[in-house]
Structure formats: C-alpha cells, structure tokens
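Coordinates in review
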Amino acid sequence: MPDKLRQAALDYHALPRPGKVCIALSKPMETQYDLSLAYTPGVAEPVKEIATHPEAVYDYTNKSNLVAVITNGTAVLGLGNVGALASKPVMEGKAALFKRFAGIDVFDIEIDCPDPRELVETVARIAPTFGGINLEDIKAPECFFVEAELKRRLTIPVLHDDQQGTAIVVAAALLNALELQGKSLSQVNIVCLGAGAAGIATMTLLHTLGASRARMVLVDREGVIHTERVGLTEQKNSFAATTEKRSLAHAMHDADVFIGVSGPGLLAPDMLLPMAEKPVIFALSNPVPEIMPQEVKRVRPDAILATGRSDFPNQVNNVLCFPYLFRGALDVRASTINEAMQLAAVHAIRLLAKEPVPREVSDAYGNGAVLSFGPDYLLPKPTDPRLRELVSSAVAEAAVQSGVTPPRVVAL
C-alpha cells in the first residue's frame, strides 16, 4: 500500500477517537424517573416476564436487533493467522457495515482460541445475548466444523460469511454473467481455484442451483482435487473429480467459468487461451486478483470479468448479502439461515441488477455514464438503497415459507 494511503488508513481508525463503532443509548436517561425505569426497580419487570416467557426477550431487550461478529483471527483477510487481537479492526469494520446498511447493532468479539471445539463451547455459552451469530475469518477446515456445530446447537441464525456470504454474491453474479454469455449453469464447465471456506461453499451453492458436479473441477495449492488423491478433507473429498487433469493449466482447457478465491497472480494469461468461447472469469483474490483485468481483456476480449475490488467493474462484495440476510432473518425471528433463505438472497440480488439504476447510484459510481445491466454491471452497487428492502424481504419470506420462524409470524 502506498505510504500516503497507509497513513490515511491509520488516521481514519485512530482519529478523532480510536475505532469505528460505539454504543449509543436508545432510551432517555435524563431524570431520576428514567433511571428508575431503566435500572432498579423498573428493570425487574422485564426480567420476570422473560423468566416466565423466554420469547419475551425479543420484546424487552435488543436481542432482536443484535448480532455477534465473532472470530478467532486464524484467517484474517489475506493476512492469514494474525491472531484474535489483530483481527479487531476487521471485526469492527464488519460491525460498521451491519449498522450502515441494515441498521443492525453488533458486538465484535475476538476470541483467543485456536481450538475449534473450545471455540464452539465459548460461542455457544454467550449465544443467549444475541439474535444472530456472524462467524468471520476462521480458517478452513476448522470453520466448517465450527459453523455446523453451532447451527446444530443453537436456535438463532448462524452464518460464516466467508462461506455463504461469498457464495451467494458469486452465484448471483455468475447467473447474470452466464445469461449475458448465452450459457446455462447446468451445462458449463467450472474451475474453482481455492478450496477453503469460500471455494467449497461457492461450489456447493452452485451445485444446489443446478451446476453439474461432473463439470466442476476444484483446485488447491497441490493441484486438481481428484479421486486418486489421498488425505483429502471431507469437504474436498466431496468435490474430488474423476479426471486425468492434475494442474490448474490443464483444468482450464474448455472451461466456461473460472472462479478464483485463492491468491494474487496465480492465473497466468496463457491459461485463458484454451478456455471455451465467451468465458466468465471471476478473479476474486483481494486486494490483488489472480489475474489483472487488463491482462484478461488483452488475451480474452470475449470474457466477462469480475474481481473483489471496487476500482474495477463487477465487484463481488459480501456487503451485498450479509447485512440483508441477517436483517430478514432477525425481522421474522428465524431460528436458522437455511438453504431456502440463501437461494432467496441469490435471486433477489441477481434480479435487482436488471432493474433501472437510481440516478444517485449512477452518479456515485458511473463516472458520468448511466449504469445498466450488462457485462460491466452484473451486480447492484453496495449503496443501492433498494437492497435492504428487496433482499431482506425475500429472505424473510423464505424463512416463513420454509418453517423456521415462530408460528405467530405470518408471511410478509
């Protein structure tokens, strides 16, 4: 990072007061009477109500609008295992995004605990505080166990955003890109470079949406994940391909889609040459993608490209998903975030990209041009005000229809 930008980032976090979030009062506390209601003796009344009727906690506390953003710091951004303490700026940033885009309050919680079983126990014990749990930056394969175990044990929504959040936004963008390229998800050959949390979750969701496992090739740092490899994790083994392909370069032959959730510069320009006509290339490593957009355009001008960066078209950004996924779940007191809710988010995001773009959004992002659905506009922009209403309501409706809300909640 250039020195000027580095210093600006440090100043942003330090001044005028350290950090990016704070706690604010939601009720008056000016008079003795206010204090008697807020604390003793008045606070005893909601305590008694909740003790008798546990669901009343949603009526008398902030549980209905409070999410925990939790990490153990083992896989922070592209920085790796920097530890719980160093992860705090990222978790505060996630809290700020929840508040900015969906009005959701957050406690960021950094747990110094590399052991996944102990991490589950810690999160489970503090879960009564929250209406939902957003897991963040936990390394694979431990993240799969942590999320699955917490979903099994808890009756509030649990999401590992690095898995499902990424997968939902990638899927929405890919469905739109394939439509523009005149291709069907069920018929395309997909190569995914990166077999961690994001890669496994993305391939899983794409399969649910109709992609053929026989047409999927997953590649990690050792090469193609195939049926003859030994020592595979359970998650990698589920995508082991019956193929003679062993390298990324070989896997790219006749591929219609490349999805990179790996590291910088890992996709060489000449690997694009044997891809199928009109390929889709999602180079999502951040801040430096697997291949730079100018290289893609030089070698494959017929490609549709997306990255994880805001300074190129088609940024695949999880903020299009996670605030609204939780907003919808919280609004109907969903007990989980299930497959139906994730699919609802995919389609809501995908379809919004086809709607006319509000002038204020085009002015902010379009550099004078009017944004419209096409090769350089596959996804809505993060500041599109319609995301909150459309995605959240679609998720809430799916939660009700799939039966994961209390009986008294009716369809929106």
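Below or above, wherever it landed, is the structure these notes cover. (Residues numbered from 1 in each chain as written. Predicted model: local features only at pLDDT ≥ 70, side-chain atom pairs only at ≥ 80, totals over all residues. Heavy atoms only, no water.)

Focus on unusual backbone geometry
That bond from L15 to P16 is cis: its omega, -5 degrees, falls within 30 degrees of zero. Here N286 and P287 are connected by a cis peptide whose omega angle stands at 10 degrees. Relative to the elements of secondary structure, P287 occurs in the loop between β9 (280-283) and α12 (293-299). A positive phi angle is found at D254, which is not glycine, with a value near 65 degrees. Since its relative accessible area comes to 51%, D254 is described here as exposed. For K278, which is not glycine, the phi torsion reads 50 degrees and is therefore positive. With respect to the secondary-structure elements, K278 resides in the loop between β8 (257-260) and β9. (Helix = DSSP H or I, 4+ residues; strand = E, 2+ residues; numbered from the N terminus. Buried < 20%, exposed > 50% of the residue type's maximum accessible area, 1.4 Å probe, protein only.)

Things to note about the sheet that holds strand β10 (residues 304-307)
The six strands lie next to each other as β7-β6-β5-β8-β9-β10, forming an open sheet whose pairing is mixed. Because the sheet does not close on itself, it has two edges, and the strands there are β7 (223-224) and β10. Here four bridges tie β8 to β9, and the two strands are oriented parallel to one another. Directly across from G260, in β9, lies its bridge partner A283. Along the sheet, helix α8 (residues 161-181) contacts β8, β9 and β10; its crossing angle with β9, the most-contacted strand, is approximately 155 degrees. Lying over the sheet, helix α9 (residues 197-209) contacts β5 (190-193), β6 (216-220) and β8, oriented at roughly 175 degrees with respect to β6. (Pairing = 2+ DSSP bridges. Contact = heavy atoms within 4.5 Å. Axes fitted to C-alpha atoms, helices over the stretch in contact; angles between N-to-C directions.)

Focus: the packing of aromatic side chains
Under the defined criterion, the tally for this structure stands at three aromatic pairs. Measuring from centroid to centroid gives 5.5 Å for F98 and F326, while their planes differ by 75 degrees, and the two rings are edge-to-face. One end of the pair, F98, is in helix α5 (residues 88-102); the other, F326, is in helix α13 (residues 322-331), and 228 residues separate them in sequence. A centroid spacing of 6.0 Å and a plane angle of 85 degrees characterise the contact between F107 and F130, whose relative ring orientation is edge-to-face. Placement of the pair is F107 in strand β2 (residues 105-110) and F130 in the loop between α6 (116-126) and β3 (132-135), with a sequence separation of 23 residues. Owing to a relative accessible area of 33%, F107 belongs among the partly exposed residues under this scheme. Three or more aromatic residues link up through ring pairs in this structure, and these residues are F98, F322 and F326. (Phe/Tyr/Trp six-rings, centres within 6.5 Å; stacked < 30°, edge-to-face > 60°.)

Section: the nonpolar core
Formed by 100 residues in total, the largest nonpolar core has its most connected members in I133, I190 and F282. In terms of residue count, the dominant contributor to this core is α8 (eleven residues). Non-local contacts of I190, meaning those with residues more than four positions away in its chain, are made with L185, M203, L206, A211, R215, M216, V217, V257 and I259. Formed by 21 residues, the second largest nonpolar core is a distinct cluster that contains V191, V217, I281 and I291. (Core = buried A, V, L, I, M, F, W, Y, C linked by side-chain atoms within 4.5 Å.)

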